[in-house]
Amino acid sequence: MRAGLYGTVPPLPYSPGFEVAGRVVRVGSQVSEWQEGDRAAALVRYGGYAHDLIIPAEHLFRQPDSLTATESAATPWCSEPVAAVDQRPCSSQLDMA
């Protein structure tokens with residue numbers, strides 16, 4: 001992305017990065033399934049290098065305590081091919097409770 005080889009690169013300035021993991025800092029008033037402090041991972045189009053991101057709750061995956069943030073950020077990528085073949089959403093492929 002930094003080399004400009006992706007077709008979806010936004011105009012400068014932007015923050016690259018597809019995979020993110022961390023803790024929920026703030027939750028919108030319409031969100032009930034996430035709380036501040038929950039560990040989460042997600043795939044974003046760009047912006048993953050940013051310190052803070054606004055991500056829709058439906059795009060988040062639970063980050064299990066047994067995985068590091070780096071491992072959790074990679075988990076959605078690992079499950080995506082399985083979901084595509086199996087025709088089920090990614091979140092149903094992993095026991096992340």
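In case you missed it, the structure is sitting above this.
Residues numbered from 1 in each chain as written. Predicted model: local features only at pLDDT ≥ 70, side-chain atom pairs only at ≥ 80, totals over all residues. Heavy atoms only, no water.

This part takes up the sheet that holds strand E2 (residues 39-43). Here we have 3 strands laid out as an open sheet, ordered E1-E2-E3, and antiparallel in their pairing. Each edge of the open sheet is held by one strand with a lone partner, namely strand E1 (19-23) and strand E3 (60-62). Put simply, the sheet's adjacent strands are angled 30 degrees from each other on average, direction ignored. Direction of pairing for E1 relative to E2: antiparallel, over a ladder of 5 bridges. Counterpart to Arg23 in the pairing with E2 is Arg39. (Pairing = 2+ DSSP bridges. Helix = DSSP H or I, 4+ residues; strand = E, 2+ residues; numbered from the N terminus. Axes fitted to C-alpha atoms, helices over the stretch in contact; angles between N-to-C directions.)

Another point: the layout of surface pockets. The calculated volume of the largest pocket comes to roughly 670 Å³. Around the largest pocket sit 22 residues that line it, and Val24, Val25, Leu53, Ile54 and Ile55 are the ones nearest its centre. In terms of residue count, the dominant contributor to the lining of the largest pocket is E1 (4 residues). Tallied by class, residues from the lining of the largest pocket come to 15 nonpolar, 4 polar and 3 charged. (1 Å grid on protein atoms, 1.4 Å probe; cavity = no way out; pocket = protein on both sides within 12 Å on 5 of 7 lines; lining within 4 Å. Points joined across faces, edges and corners; volume = space filled by probe spheres on them. Nonpolar A, V, L, I, M, F, W, Y, C, P; charged D, E, K, R; others polar.)

The next thing to look at is the nonpolar core. Core analysis: the largest hydrophobic core is formed by 8 residues, namely Val20, Val24, Trp34, Ala40, Ala42, Val44, Ala57 and Leu60. Among all residues touching Ala40, those that are not within four sequence positions of it are Val20, Ala21, Gly22, Val24, Trp34, Leu60, Phe61 and Gln63. (Core = buried A, V, L, I, M, F, W, Y, C linked by side-chain atoms within 4.5 Å. Buried < 20%, exposed > 50% of the residue type's maximum accessible area, 1.4 Å probe, protein only. Contact = heavy atoms within 4.5 Å.)

Remember that the coordinates give geometry; whether it matters functionally is a separate question.
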